[in-house]
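Summary of the model geometry
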Amino acid sequence: AQSVTQLGSHVSVSEGALVLLRCNYSSSVPPYLFWYVQYPNQGLQLLLKYTTGATLVKGINGFEAEFKKSETSFHLTKPSAHMSDAAEYFCAVSDRGGSQGNLIFGKGTKLSVKP
Amino acid sequence: NAGVTQTPKFRVLKTGQSMTLLCAQDMNHEYMYWYRQDPGMGLRLIHYSVGEGTTAKGEVPDGYNVSRLKKQNFLLGLESAAPSQTSVYFCASRGTGTRGGEQFFGPGTRLTVL
């Protein structure tokens, strides 16, 4: 069975600082990996995804993530935090490692950005 | 294009009451999903559907039923609501042609069971 672990339920950074949100997964097959963002009182919005090919994936709003197979990680980064980045972020893995699978979500990391 | 919509946005029920949550999508997607979101638990899959007329159980199906009579609609029913079903419910849909299977989410329904 596949699973996702997000390290840190809350992360706080200063505006302009590096954002690093950690995600580790377990999967017996090559995974598809996703990061979603949820702003307060809204649904989830896709930030970026990894399917195959280039391991560094760029998403919306300046975020990017790197797939590291040897570390089973898919950490999300942004070089400079903005106040508007304050939200909850969810990492997810496809449960069959392909386009037909359901998504397994991590428990989420709430990002706070201090002025 | 409205995407994924959910009705209602908020609801308060008493224990034992029943209700139906409606999800509609206008993207002609085959797959549809119902999740619940609880603090510190992430999103957990309740039921899903891989096409019109089909449904399947997810991780936490007990106390819920679903129907997919039309491709664009996916209904979630609570026959006898319990306080443990107080949660935020999200519907999502996915097309078969999208590599990687990303899901598109509705805005959510906040349900309180007293």
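The structure we're discussing is the one just above.
The structure displayed is predicted, hence computed values, not measured ones.

The rules we used
- Residues numbered from 1 in each chain as written.
- Chains lettered and ligands numbered in written order.
- Predicted model: local features only at pLDDT ≥ 70, side-chain atom pairs only at ≥ 80, totals over all residues.
- Heavy atoms only, no water.
- Contact = heavy atoms within 4.5 Å.
- Buried area = accessible area lost by both parts, 1.4 Å probe.
- Salt bridge = Lys/Arg side-chain N within 4 Å of Asp/Glu carboxyl O.
- Polar contact = N/O pair within 3.5 Å; in protein donor to acceptor, adjacent residues only side chain to side chain.
- Helix = DSSP H or I, 4+ residues; strand = E, 2+ residues; numbered from the N terminus.
- Nonpolar A, V, L, I, M, F, W, Y, C, P; charged D, E, K, R; others polar.
- Pairing = 2+ DSSP bridges.
- Axes fitted to C-alpha atoms, helices over the stretch in contact; angles between N-to-C directions.
- Buried < 20%, exposed > 50% of the residue type's maximum accessible area, 1.4 Å probe, protein only.

Bringing the interface of chain B and chain A into the picture now. The partner chain A presents 23 residues to the 22 residues of chain B that form the contact. Of the roughly 1800 Å² buried at the junction of chain B and chain A (both faces included), carbon and sulfur atoms supply 45%. Run the count over chain B and chain A and you get 1 salt bridge. On the surface where chain B and chain A come into contact, there are 3 residue pairs in polar contact (both at pLDDT 80 or more). Elements that contribute at least two residues to the side of chain B that touches chain A include exactly strand E4 (31-38), strand E5 (42-49) and strand E9 (87-94) of chain B. When grouped by side-chain class, the residues that make up the side of chain B that touches chain A number 10 nonpolar, 8 polar and 4 charged.

This brings us to the sheet that holds strand E1 (residues 4-7) of chain B. Residues and elements named next belong to chain B. Taken in spatial order, the 4 strands of this open sheet run E1-E3-E8-E7, and their pairing is antiparallel. Across the chains shown, the open sheet's two edge strands, defined by having one partner strand only, are E1 and strand E7 (65-67). Neighbour-to-neighbour, the strand axes of this sheet turn through a mean angle of 20 degrees, independent of strand direction. Pairing of strand E3 (residues 19-25) with strand E8 (residues 73-78), which is carried by 6 bridges, proceeds in the antiparallel orientation.

This brings us to the sheet that holds strand E8 (residues 73-78) of chain A. Residue and element names in this part refer to chain A. Sheet architecture is open: 5 strands sit in the order E1-E3-E8-E7-E6, paired in antiparallel fashion. Only two strands of the sheet have a single neighbouring strand rather than two, namely strand E1 (3-7) and strand E6 (56-58). Ignoring which end each strand starts from, the neighbouring axes of this sheet average 20 degrees apart. As defined by bridge partners, E6 adjoins strand E7 (residues 64-68) across 3 bridges and the pair is classed as antiparallel. Looking at the pairing, Val 57 lines up with Ala 65 of E7.

Glancing now at the pairing of strand E11 (residues 109-114) of chain A. All names here are of chain A. Only one face of E11 is covered, namely the one carrying Thr 109, Leu 111 and Val 113; the face carrying Lys 110, Ser 112 and Lys 114 has none of its residues buried. In this sheet, E11 lies alongside strand E2 (residues 10-14) in parallel orientation, the contact comprising 5 bridges. Within the sheet, the bridge partner assigned to His 10 lies in E11 and is Lys 110. Pairing between strand E9 (residues 87-94) and E11: 3 bridges, direction antiparallel. Paired with Ala 87 across the two strands is Leu 111, which belongs to E11.

Another point: the pattern of salt bridges. One pass over the full model with this rule turns up 6 salt bridges over all chains. Put simply, Lys58(A) and Glu64(A) hold a salt bridge, and the shortest N to O gap is 2.8 Å. Classification of Lys58(A) by relative accessible area gives exposed; the value is 62%. Note that Glu30(B) and Lys71(B) form a salt bridge whose closest N and O atoms lie 2.9 Å from each other.

Residues and elements named next belong to chain B. Considering the arrangement of structural elements, one finds Lys 71 in the loop between E7 and E8. At 2.9 Å, the side chain of Lys 71 forms a polar contact with the side chain of Glu 30. Dropping the residues within four chain positions of it, Lys 71 is found in contact with Gln 25, Asn 28, His 29, Glu 30, Met 32 and Glu 52.

The analysis is restricted to geometry; functional conclusions fall outside its scope.
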